[in-house]
Amino acid sequence: MKKYRVAVIGRTGKGKYGHGLDTVWLNNDRAEVVAVADEDEKGRAAAQERLKAPNAYADYRAMLAKEKPEIVSVADRFLDAHRDMVIACAEAGASIFLEKPLSRTLQEADEMIAACDKHHVKCAIAHQTRYSPRLKVVKQLIADGKLGELIELRGRGKEDARGGGQDLMVLGTHILDLMRLLAGDARWCFARIWQDGKKALPGDVRQGGEGMGPIQGDRIAATYGFDNGVTATFGTFKAKEGASRRFGLHVFGSKGVIHLTTGSLPPVYWLDDPSWMPGGTKANWQLITSAGPGQPEPLKDSGADLGNRLIAADLIDAIEKDRQPLGSIHDGRASLEMILAVYESHKLERPVELPLKNRRHPLG
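None of the values given here were measured: they were computed from a predicted structure.

Calculation notes
- Residues numbered from 1 in each chain as written.
- Predicted model: local features only at pLDDT ≥ 70, side-chain atom pairs only at ≥ 80, totals over all residues.
- Heavy atoms only, no water.
- 1 Å grid on protein atoms, 1.4 Å probe; cavity = no way out; pocket = protein on both sides within 12 Å on 5 of 7 lines; lining within 4 Å.
- Points joined across faces, edges and corners; volume = space filled by probe spheres on them.
- Nonpolar A, V, L, I, M, F, W, Y, C, P; charged D, E, K, R; others polar.
- Helix = DSSP H or I, 4+ residues; strand = E, 2+ residues; numbered from the N terminus.
- Pairing = 2+ DSSP bridges.
- Axes fitted to C-alpha atoms, helices over the stretch in contact; angles between N-to-C directions.
- Buried < 20%, exposed > 50% of the residue type's maximum accessible area, 1.4 Å probe, protein only.
- Patch = residues over 30% accessible without salt bridge, like charges linked within 9 Å, V, L, I, M, F, W, Y side chains within 5 Å.
- Areas by Shrake-Rupley, 256 points an atom, 1.4 Å probe, with all protein chains shown as cover.
- Salt bridge = Lys/Arg side-chain N within 4 Å of Asp/Glu carboxyl O.
- Phe/Tyr/Trp six-rings, centres within 6.5 Å; stacked < 30°, edge-to-face > 60°.
- Lys NZ or Arg CZ within 6 Å of the ring centre and 35° of its normal.
- Contact = heavy atoms within 4.5 Å.

**Some thoughts on the layout of surface pockets**
In this approach, a probe sized like a water molecule rolls over the atoms, and the result shows the empty space that is left. Approximately 360 Å³ is the volume attributed to the largest pocket. Forming the walls of the largest pocket are 23 residues, and the residues nearest its centre are His 19, Gln 128, His 174, Thr 262 and Gly 263. The class makeup of the residues in the lining of the largest pocket is nine nonpolar, eight polar and six charged. In this model, the second largest pocket occupies a volume close to 220 Å³. What lines the second largest pocket is Arg 180, Asp 185, Ala 186, Arg 187, His 330, Arg 333, Ala 334, Glu 337, Met 338, Leu 354 and Pro 355. With five residues, the single largest contributor to the lining of the second largest pocket is helix α9 (residues 329-348).

**So, the sheet that holds strand β3 (residues 55-57)**
Taken in spatial order, the six strands of this open sheet run β3-β2-β1-β4-β5-β6, and their pairing is parallel. Unpaired on one side and paired on the other, β3 and β6 (123-125) mark the two borders of the sheet. This sheet shows a mean twist of 25° between the axes of neighbouring strands, independent of strand direction. By the bridge criterion, six bridges tie strand β1 (residues 4-9) to strand β2 (residues 31-37) in an arrangement that is parallel.

**A word on unusual backbone geometry**
Cis rather than trans, the peptide bond between Lys 100 and Pro 101 has omega equal to -15°. Mapped onto the elements, Pro 101 comes out in the loop between β5 (95-98) and α4 (106-118). A cis amide bond, omega 0°, links Leu 354 with the succeeding residue Pro 355. Located in the positive-phi region is Glu 159, a residue other than glycine, with phi close to 60°. Among the secondary structure elements, Glu 159 is positioned in the loop between β7 (150-156) and α6 (165-170). In this model, Asp 196 sits at a positive phi of 55°, which is unusual for a non-glycine residue. With a relative accessible area of 61%, Asp 196 lands in the exposed category.

**Notes on a nonpolar patch on the surface**
A surface patch of nonpolar side chains, about 240 Å² in accessible area, is lined by Tyr 269, Trp 285 and Leu 287. Mapping Leu 287 onto the fold places it in strand β17 (residues 286-289).

**Brief notes about the packing of aromatic side chains**
What describes a pair of aromatic rings is the distance from one ring centre to the other and the angle between the planes of the rings. In total, this model carries one aromatic pair according to the counting rule given. Each ring, one from Phe 252 and one from Trp 276, has its centre 4.5 Å from the other, and the planes form 55°; the classification is tilted. With Phe 252 in strand β14 (residues 248-253) and Trp 276 in the loop between β16 (268-271) and β17, this pair connects stretches of sequence that are 24 residues apart. Across from the ring centre of Tyr 17, 4.9 Å away, lies the NZ or CZ of Arg 50, which sits over that ring. The residue whose ring lies beneath Arg 154 is Phe 252, and the NZ or CZ to ring-centre distance is 4.1 Å.

**Quick word on the environment of Ser 345**
If you trace the backbone, Ser 345 turns up in helix α9. A residue is classified by how much of its surface remains accessible, and Ser 345, at 0% relative accessible area, is buried. C-alpha of Ser 345 to C-alpha of Ala 222: the two residues are 123 residues apart in sequence and 9.1 Å apart in space. The residues contacting Ser 345, other than those within four sequence positions of it, are Cys 189, Phe 190, Ala 191, Arg 192, Arg 350, Pro 351 and Val 352.

**Overview of the pattern of salt bridges**
With the rule as written, the count across this model stands at 31 salt bridges. When the shortest N-O distance is used, the salt bridge between Asp 317 and Arg 323 registers 2.8 Å. A residue is classified by how much of its surface remains accessible, and Asp 317, at 22% relative accessible area, is partly exposed. Overall, the relative accessible area of 27% leaves Arg 323 in the partly exposed class. For Glu 344, the salt bridge is made with Lys 347, and the minimal N-O distance between the two is 3.6 Å. On the criterion of helical spacing, the pair formed by Glu 344 and Lys 347 is a turn pair, its members being three residues apart in helix α9. Given a relative accessible area of 10%, Glu 344 falls into the buried group. Lys 347 sits in the partly exposed class, given a relative accessible area of 44%.

Structure representation (structure tokens):
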């Protein structure tokens, strides 16, 4: 089988190498790491040793030109360079494994997608949960009618010190991506944002961390509309109690509820009861594993590494079959669109339709 030339772009001090997007290639028999790029000298040397890379570069563009990789992990978590890095990779003919979120604005996302399409390369986003074997079981349960008619979804962020705008961008992207995976594309959004207990005003806009651009608010409530009258909500605030404990998504159907969190083998539970009440007319919560509801888990949970390995394998398969990855750059843009729709709706004080007409950042 073909072995792919893989390169890694990291930025020590600016998002480093993401959640293992660099080391995922070390135990992949379809990949050979040929080079790493990092503008920080010490970080570059450490990455070269960690990845056993023959060559290392301060300039990722020089690396792309000389090494001619076929796949590149754009691993840094800071968003300010994602657009330029992805476009440079696409122009060099390299497919991409990209840390989430996709970019800062929809304009950037549109330009990245245009470059990937023009140069016929694939781009997979590190939304690991949608690749989980347990999510396959969840989708099959829904397809088989075990949950009944899909009614609504309720998601929350981690609600730690990042609660509000930063939580929406950094962690909300996972929850919104799962909403789309299970319910399809969102058609509209209506949202409200608060700061210190009052309606957030333009003066409350601030720069978020990790190069993400402007954010707003310490409490957010958003409602989304999907096809067939299905609705979803996403909320986040700076919680004094229970921070990180509610991070996840509830999926409500006419026959029961599924509760899921995030990760490569996330805790997923099914309540087979139309009352949505544990201990009601039918049953209590059942754990869903990759083998099915109530079955022992046959797979070993290796955390982020398992999720990354599933994405890497799917990306190679997508390249060879000329299809989009399961979590493609288009999916990354759609979750970003749901995030930015929150700000657009709050600014305009009305529901907004998706896709958004405004491709720039609603906060300016």
